[in-house]
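# Remarks on the overall topology
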Amino acid sequence: MRQSRLFTKTSKTLPKDEVSINSQLLLKSGFIDKEFAGVYSFLPLGHRVLNKIINVIRQEMNAIDGQEILMTALQSPQTWEPTDRWDDAKMDVWFKTELKNGSQLGLAPTHEEPLTKMMKKFINSYKDLPAYAYQFQTKFRNETRAKSGILRTREFIMKDLYSFCRDQAELDEYYERAKNAYIKIFNRLGIGEITYVTYASGGTFSKFSHEFQTLCEYGEDLIYINEEKKIAINREIFVDEVIAEFGLSRNDFVEKKAIEVGNIFKLGTKFSDGLSLQYVDEKGERKPVIMGSYGIGPGRVMGTIVETHNDEKGIIWPKEVAPYQVHIVSLGKEESIMAESEKLYRMLNENGFETLWDDRVNLNPGAKFADSDLIGCPVRVTVSGKNIENRQYEVKRRSGGEVEFIPQDNIIDYLNK
RNA sequence: CGGGGCGUGGCGCAGUUGGUAGCGCACCUGGUUUGGGACCAGGGGGCCACUGGUUCAAGUCCAGUCGCCCCGACCA
């Protein structure tokens, strides 16, 4: 992408009331735009990052046999009445509206009911199970207080996967696969080291559920971690009885602030009972389908990455989620510099490196470097008259370290390693 | 939903005892610059959140409404 053609631009000032690091950096760098409180648009650079995150999640969901679907945001009350969740007293985050003819509609805050209801059309026999469906879909939640930039919004994309199993054992096994997939996902997204599988209350159908909590001072949640076992317990269930089950005592845990980037839990028959989702087993008996639910908010993950990967100059994107792998910065507008930059730009693209090229003229070096640091691509390659003379490229990694000078012919090898 | 703060060009801000709105950034034109957010000259852009009141006169005073942010409560 030629930066001169990128329609967004960076800004030096910020709306005064943006306080969170994630919204400050993402707005300043032009990754997102704010529509109103808790409602953000993703612009070209931000959209690329969001898609990177989504694609990592998608690959790992496919790897555990998830089948991707896309359900509707518009919901009719009939779907939600059997489980009594149409009631605003029971589900207080509904956005409700109506059809021209006056019938009620809601914008889905989650999808257990509609999916369970839909699966009744396809699940009849034990031969139809297990089934795993997931989607990246926009949820609407009428939060009383949106806050923390893109960490807690009123409209957000969520990856929600639901498992439909024959019995508890099948669910338990899948649950473990999903948990491992989640660990993989957060590793790939660059926050694995600081993300803890956190025990949380399990509800009626299991002892525990699990949250994936990323350590961050700006987090809303408090968790208690044990570094040695790399486990954590969330605040609600951090009681002696639970602690003892891990063979540990209170002193073995440290209190930390964290952001919940994912959660998985066993629903059991809560929704299959409520909406009568049953199957017939080998003996001809009708049984309820055993369900599980597995969520990740890609936007919240993006905000969490920014919160945990930045310095005073801007964002430092982990490799797999960066909008572009390489940022070429051309200094000077001489023909030779632009020609050399373009040659490099083409070569990188041909070799599979996603590249942003700062080809803007009449901009001082300082401004270009500042923008490059702010945008935060992992590798910056500077093309200047001096470097051309020496037949070399000047490379600097956003994550730190010294500038390196790489002979022109070696640049692809260098970037590949 | 409770408490606090704030609404003035796109963004950041100033605007005195009420007298008809200004600065910086950004933007447009021309020129000079180019290794860490350059400079000069010229230019465009504002129902001062909204509604109603007080007044000869309201960005400024009064009332209400709406919106935004922070803290708390809430949060599959």
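Rules used in this analysis
- Starting from 1, residues in each chain are numbered consecutively following that chain's sequence as written.
- Key to labels: chains lettered from A, ligands numbered from 1, both in the order written.
- A pLDDT threshold of at least 70 governs which residues receive local features in this predicted model, and a stricter bar of 80 or more applies before side-chain atom pairs are shown or counted, although totals over entire chains, interfaces and linings include all residues.
- Based on all heavy atoms of the structure, the side-chain values leave hydrogens and waters out of the count.
- When at least one non-hydrogen atom of a residue lies within 4 Å of a molecule or strand, that residue is treated as near it.
- In protein, a polar contact means a hydrogen-donor-capable atom and an acceptor-capable atom, both N or O and within 3.5 Å, with residues adjacent in sequence counting only if both atoms are side-chain atoms; elsewhere, any N or O pair within 3.5 Å suffices.
- Strands are runs of DSSP state E lasting at least 2 residues, helices are runs of H or I lasting at least 4, and numbering of each runs from the N terminus.
- Residues are grouped as follows: nonpolar covers Ala, Val, Leu, Ile, Met, Phe, Trp, Tyr, Cys and Pro; charged covers Asp, Glu, Lys and Arg; every other residue, Gly included, is treated as polar.
- For the domains described, the bounds stem from an automatic or database domain assignment.
- Any two residues whose heavy atoms approach within 4.5 Å are treated as being in contact.
- Buried area: the sum, over both parts, of the accessible surface (1.4 Å probe) that disappears when the two are put together.
- In what follows, salt bridge is the name for a side-chain nitrogen of Lys or Arg lying within 4 Å of a carboxyl oxygen of Asp or Glu.
- A 1.4 Å probe rolled over the protein chains alone gives each residue an accessible area, and that area as a share of the maximum for its type sets the label: buried under 20%, exposed over 50%, partly exposed in between.
- Within 6.5 Å between ring centres, the rings of Phe, Tyr and Trp (the latter by its six-membered ring) count as paired, and their orientation is classed by plane angle as stacked under 30 degrees, edge-to-face over 60, tilted in between.

Lining the immediate surroundings of RNA strand B are 37 residues, of which Asp17, Arg145, Asp373, Ser384 and Glu394 lie closest. Restricting attention to atoms of RNA strand B within 4 Å of the protein, one finds that 46% of them are sugar or phosphate atoms. One of the side-chain nitrogen or oxygen atoms of Thr13 is found 2.7 Å away from a sugar or linking oxygen of RNA strand B. The contact in question runs from a phosphate oxygen of RNA strand B to an N or O atom on the side chain of Arg145, over 2.7 Å. No other element matches helix 10 (residues 365–375), which puts seven residues into the surface near RNA strand B. Here the residues of the surface near RNA strand B are counted per class, giving 13 nonpolar, nine polar and 15 charged.

Below, the discussion takes up the domain arrangement of chain A. Each assigned domain of chain A is listed here: domain 1 (19–311) and domain 2 (324–416). Domain 1 and domain 2 are separated by 40 Å when their C-alpha centres are compared. Contacts between the two partners involve eight residues from domain 1, matched on the other side by six residues from domain 2. Summing both sides of the interface, domain 1 and domain 2 together bury roughly 650 Å²; the carbon and sulfur share of this comes to 55%. Interface area lost by domain 1 to domain 2 is led by Leu45, Arg48 and Lys52, which between them contribute 54%.

Before going further, it helps to spend a moment on the pattern of salt bridges. According to the stated counting rule, one finds 32 salt bridges in the structure shown. Linking Asp373 and Arg380 is a salt bridge whose minimum nitrogen-to-oxygen distance equals 3.7 Å. No difference in accessibility class separates Asp373 from Arg380, as the two residues are buried. Because the salt bridges share partners, they merge into one network encompassing Arg2, Glu342, Arg346 and Asp359.

Further remarks concern the packing of aromatic side chains. The way to describe two aromatic rings as a pair is by their centre distance and the angle between their planes. Summed over all chains, the structure comprises 16 aromatic pairs. With centroids separated by 4.8 Å and ring planes inclined at 55°, the aromatic side chains of Trp86 and Trp94 adopt a geometry described as tilted. For the pair Trp86 and Trp94, a shared accessibility class is recorded, and that class is buried. Both rings, one in Phe238 and one in Phe253, keep their centres 5.3 Å apart while their planes meet at 75°; by these two values the pair is edge-to-face. In this pair, Phe238 sits in the loop between strand 12 (231–234) and helix 6 (240–245) while Phe253 sits in the loop between helix 6 and strand 13 (254–268), placing the two residues 15 residues apart along the sequence.

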